[in-house]
2 protein chains.
Amino acid sequence: MDKFLQTFARYVLDKKLNITAQRLTIAESFFKSEKHLTAEELYLVVKNFDPSIGQTTVYRTLKLLCDSGLAREIQLGNTSINYEKNYDTEHHDHLICESCGKIIEVTDQSIEFLQNKLAEKHGFTLTTHVLNLYGLCKECHENREHLLNNKKKYFLKKY
Amino acid sequence: MDKFLQTFARYVLDKKLNITAQRLTIAESFFKSEKHLTAEELYLVVKNFDPSIGQTTVYRTLKLLCDSGLAREIQLGNTSINYEKNYDTEHHDHLICESCGKIIEVTDQSIEFLQNKLAEKHGFTLTTHVLNLYGLCKECHENREHLLNNKKKYFLKKY
DNA sequence: TTACCTGCAAACAGTTTGCAGGCCG
DNA sequence: CGGCCTGCAAACTGTTTGCAGGTAA
């Protein structure tokens, strides 16, 4: 973890920018977090540490983290931007439960391989990709069985 | 095309809503369009037909079209929501050029198959998925060759 | 000292909502 | 006629920007 802070610090210095308490606090909170946070969510976490930090600075620091390659923007819902760690980890895809919001990260080499082949076929040079699979997780699927039954009844009545 | 208008009209009536000139104009413009429009873009098209239509109505009608299953929201860039036709077409993935913005629609059965297997492995029941491949199209890749060379020089100088 | 950094408030873009009047059926 | 529909303006959300004062090096 400190390793990432150091990487971040080095990047900041390289760009002739300053290392500040705010930037370190925000970066550290980001590295510590387990989830895909939005700027808003990270702001709330950071504010617990140091209530004087404003959200503007969180936005700006997240942008810095992305520039440095340590973070990455991802699109999960249609609402706002989530930020994901982008170091020390393979690229991964997401299984997203539309009911409880749970997100499972997965990697699948054979899918990656086919994606590359597909891009090649169309003359594309890939830089990145997004694969989100939306649906219901096992638990939610079971809980919703009765809802589905209701829907079935509705259709039967209708036709 | 008229077929889709009729489907839309039937859906509207089914929901005990009214068929109005605005809704028909907006739906027709949407069906005619070849691209993935945003609400804003569709509004501009519609305004050519009938300048009295407001964007609020475009938003509301697009929502109706989604409810009816004839349209679908998709995320392409990080900015706004694009709407895509969702009828009479297979599901398709997108190859997106980050330079010129060109979008190529593709389908790949073997990738779909692997996605389903992946979801199954995690107990997920899929409803939909998003696969966007970002990169450079052939033309842009070639045009950017010299830019890449400049970057290389930069790195060599630095290390 | 000098340029960068920060928090605040204001601006902004995309989208949604409240409302008064209008139209469909 | 009654409830749905519309356009307008205003509200809202997430994000960015201008600015005056503060801080790193």
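Predicted model, so just to flag it, every value in this text is computed and none were measured. Along each chain, residue indices are assigned from 1 in the same order as the chain's sequence is written. Written order determines the labels here, with chains lettered from A and ligands numbered from 1. Confidence filtering applies because this is a predicted model: local features only for residues at pLDDT of at least 70, side-chain atom pairs given and counted only at 80 or more, and all residues used for totals across whole chains, interfaces and linings. Just so you know, side-chain values use all the structure's heavy atoms and leave hydrogens and water out.

**Topic: the protein's contact with DNA strand D**
To keep things clear, this is the line we draw: Nearness is defined per residue: one heavy atom within 4 Å of the molecule or strand is enough. Contacts described as polar in this section are N or O atom pairs within 3.5 Å, which, within protein, must combine one atom able to donate a hydrogen with one able to accept it, while residues neighboring in sequence count only if both atoms come from side chains. Strands are runs of DSSP state E lasting at least 2 residues, helices are runs of H or I lasting at least 4, and numbering of each runs from the N terminus. Here the nonpolar group is Ala, Val, Leu, Ile, Met, Phe, Trp, Tyr, Cys and Pro; Asp, Glu, Lys and Arg are the charged ones; every other residue, Gly included, is treated as polar.
Near DNA strand D lie 19 residues; those nearest to it are Tyr59(A), Lys63(A), Thr20(B), Arg23(B) and Thr57(B). When the atoms of DNA strand D within 4 Å of the protein are sorted by group, sugar and phosphate make up 73%. Between Asn18(B) and DNA strand D, the recorded distance is 2.9 Å, taken from a backbone N or O atom to a phosphate oxygen. Every element with two or more residues in the surface near DNA strand D is listed here: helix H4 (55-67) of chain A together with helix H2 (21-32) and helix H4 (55-67) of chain B. Sort the elements by how many residues they give to the surface near DNA strand D and H4(A) lands first, with 4 residues. Class assignment of the residues belonging to the surface near DNA strand D gives a composition of 5 nonpolar, 10 polar and 4 charged.

**Remarks on the confidence of the model for chain A**
Atom-level detail of predicted coordinates should not be read off regions where pLDDT is low. Our working rule: pLDDT is a per-residue confidence score from the predictor, ranging from 0 to 100. Any two residues whose heavy atoms approach within 4.5 Å are treated as being in contact.
Chain-level pLDDT for chain A is 83 on average; 86% of the residues reach the 70-or-more range. Predicted confidence for residues 150-159 of chain A stays below pLDDT 50, and this span has 1 contact to residues more than four positions away or in other chains.

**A look at empty space enclosed by the protein**
With a probe scaled to a water molecule rolled over the atoms, the places where space remains empty come into view. Counted only if it meets this: Cavity: a set of points on a 1 Å grid over the protein atoms alone where a 1.4 Å probe fits but cannot get out. Pocket: an open set with protein on both sides within 12 Å along at least five of seven lines, its lining residues, like those of a cavity, having an atom within 4 Å of a point. Grid points are joined across faces, edges and corners, and a volume is the space filled by probe spheres set on the points. Note: domain ranges come from an automatic or database domain assignment.
One pass over the structure, following the stated rule, counts 2 cavities of 30 Å³ or more. Quantified by volume, the largest cavity comes out at close to 60 Å³. Around the largest cavity sit 13 residues that line it, and Ile74(A), His92(A), His94(A), Val130(A) and Asn132(A) are the ones nearest its centre. Contributions of two or more residues to the lining of the largest cavity are made by strand S2 (71-75), strand S4 (93-97) and strand S6 (125-136) of chain A. Sort the elements by how many residues they give to the lining of the largest cavity and S6(A) lands first, with 4 residues. Considering only residue class, the lining of the largest cavity consists of 4 nonpolar, 6 polar and 3 charged. Mapped onto the domain boundaries, the lining of the largest cavity takes at least three residues apiece from domain 1 (1-89) and domain 2 (90-159) of chain A. Taken as a whole, the second largest cavity encloses approximately 50 Å³ of empty space. Around the second largest cavity, the lining residues are Arg72(B), Ile74(B), Gln75(B), His91(B), His92(B), Asp93(B), His94(B), His129(B), Val130(B), Leu131(B) and Asn132(B). Elements that contribute at least two residues to the lining of the second largest cavity include exactly strand S2 (71-75), strand S4 (93-97) and strand S6 (125-136) of chain B. Among the elements that take part in the lining of the second largest cavity, S6(B) stands out by supplying 4 residues, more than any other.

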